[in-house]
Amino acid sequence: MSATEPGTLDPAARLILAALAVVAPGSLSVEEVGEIAEVSEAQPALADLERHGLVVRERERFALAPEERKRKGMLASLDVVDRVLRGFIKIAEDGRLTLEDLDAVLGLSRIAAETGRWTALLRLVEAAETTLSTTRRVEEWVEIV
């Protein structure tokens with residue numbers, strides 16, 4: 001358990017932490033975090049979360065810290081799942097999905113299926129198909145389907 005509890009964080013940091021919990025173990029860029037969590041200035045909150053050991057930086061991307069992943073279900077409510085799905089669908093439909101986003105798409109697809117978000121899952125999969133088919137990452141495509 002980390003020294004900082006999510007309830008003691010500012011609202012922007014809590015939204016970011018919840019968004020990262022939804023896509024865990026995947027990672028997001030700073031821009032994706034800001035867009036999906038609907039936080040205009042994500043970088044300061046991410047730096048604070050990183051200092052507290054709640055997130056880790058993977059090059060220019062951020063992910064939920066491995067020790068926080070075991071409680072990711074407590075960090076992300078269903079409304080956050082819906083928000084992250086909407087945000088990721090928008091990114092995918094706008095053609096901004098990258099290969100580095102595939103782990104996040106897989107994590108998000110699992111949660112969407114587990115929570116019965118079938119319409120959103122279908123939209124996400126259809127939007128992600130272009131990226132997956134052009135990169136020939138057949139294993140990921142099979143897992144999503």
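Conventions we followed
- The residue numbers shown here count from 1 along each chain, following its written sequence.
- Whole-chain, interface and lining totals are the exception, using all residues; otherwise, since this is a predicted model, local features are given only for residues with pLDDT of at least 70 and side-chain atom pairs are given and counted only at 80 or more.
- For side-chain calculations, the full set of non-hydrogen atoms in the structure is used, while hydrogens and water are omitted.
- Helix and strand assignments come from DSSP, with helices taken as H or I runs of at least 4 residues and strands as E runs of at least 2, each series counted from the N terminus.
- We count a salt bridge whenever a side-chain nitrogen from Lys or Arg sits within 4 Å of a carboxyl oxygen from Asp or Glu.
- Only protein chains enter the accessibility calculation, which uses a 1.4 Å probe; a residue is then buried when its area is under 20% of its type maximum, exposed when over 50%, and partly exposed in between.
- Note on pairing: DSSP must find at least two bridges between two strands before they are called paired.
- Only heavy atoms enter the contact rule, under which two residues are in contact if any of them lie within 4.5 Å.
- Note on definitions: angles span 0 to 180 degrees between N-to-C directions of axes, and those axes are lines fitted to C-alpha atoms, for helices only across the stretch in contact.
- As used in this structure description, the phrase polar contact means that two N or O atoms lie within 3.5 Å; if the pair is within protein, one of them must be able to donate a hydrogen and the other to accept it, and residues adjacent in sequence are counted only when both atoms belong to side chains.
- Comment: arc refers to directions from the helix axis out to C-beta atoms.

Let us look at unusual backbone geometry. At the junction of Ala24 and Pro25, the peptide bond is cis and its omega measures out at 10° in the coordinates. Checked against the element boundaries, Pro25 lands in the loop between α1 (11-23) and β1 (28-29). At Glu38, a residue that is not glycine, the phi angle is positive and equals roughly 60°. Along the chain, Glu38 turns up in the loop between α2 (30-37) and α3 (42-51).

All chains considered together, the criterion is met by twelve salt bridges. Of the charged contacts, one joins Arg83 and Glu38 as a salt bridge, the two residues approaching to 3.8 Å between their closest N and O atoms. Taken as a pair, Arg83 in helix α5 (residues 78-93) and Glu38 in the loop between α2 and α3 lie far apart in primary sequence, 45 residues in all. We note a salt bridge from Glu50 to Arg57, for which the minimum N-O separation is 3.3 Å. Using a relative accessible area of 30% as the deciding quantity, one classes Glu50 as partly exposed. Owing to a relative accessible area of 38%, Arg57 belongs among the partly exposed residues under this scheme. Salt bridges linked by common partners bring Glu32, Arg59, Arg61, Glu100 and Asp101 together as one network.

This part is about the sheet that holds strand β2 (residues 55-58). One open sheet holds the three strands; their spatial order is β1-β3-β2, and the pairing between them is antiparallel. Two strands lie at the open edges of the sheet, namely β1 and β2, each paired on one side alone. Pairing analysis gives two bridges linking β1 to strand β3 (residues 61-64), with the strands arranged antiparallel. Among the inter-strand pairings, Ser29 is bridged to a residue of β3, identified as Arg61. Contacts from α1 reach β1, β2 and β3, with the element oriented near 80° to β3.

Assignment of secondary structure puts Arg61 in strand β3. Excluding residues within four positions of it along the chain, Arg61 makes contact with Ser27, Leu28, Ser29, Glu32, Val56, Thr98, Glu100 and Asp101. A polar contact is formed between the side chain of Arg61 and the backbone oxygen of Ser27, at a distance of 2.6 Å. Within the structure, the side chain of Arg61 is placed 3.1 Å from the backbone oxygen of Glu100, a separation counted as a polar contact.

Moving on, we come to the pairing of β2. Direction of pairing for β2 relative to β3: antiparallel, over a ladder of four bridges. The residue bridging Arg57 from the neighbouring strand is Phe62, located in β3. Counting the residues in the hairpin turn of β2 and β3 gives two residues, including Arg59, whose phi is positive at 60°.

Here the focus is α3. For α3, the full list of buried residues reads Ala42, Ala45, Leu46, Asp48 and Leu49. Relative to the axis of α3, the buried residues are bounded by an arc of 160° and lie together on one face. Counted as exposed and oriented over 90 degrees from the buried face of α3: Pro44 and Arg51. The secondary structure elements touched by the buried residues of α3 are α1, α2, β2 and β3.

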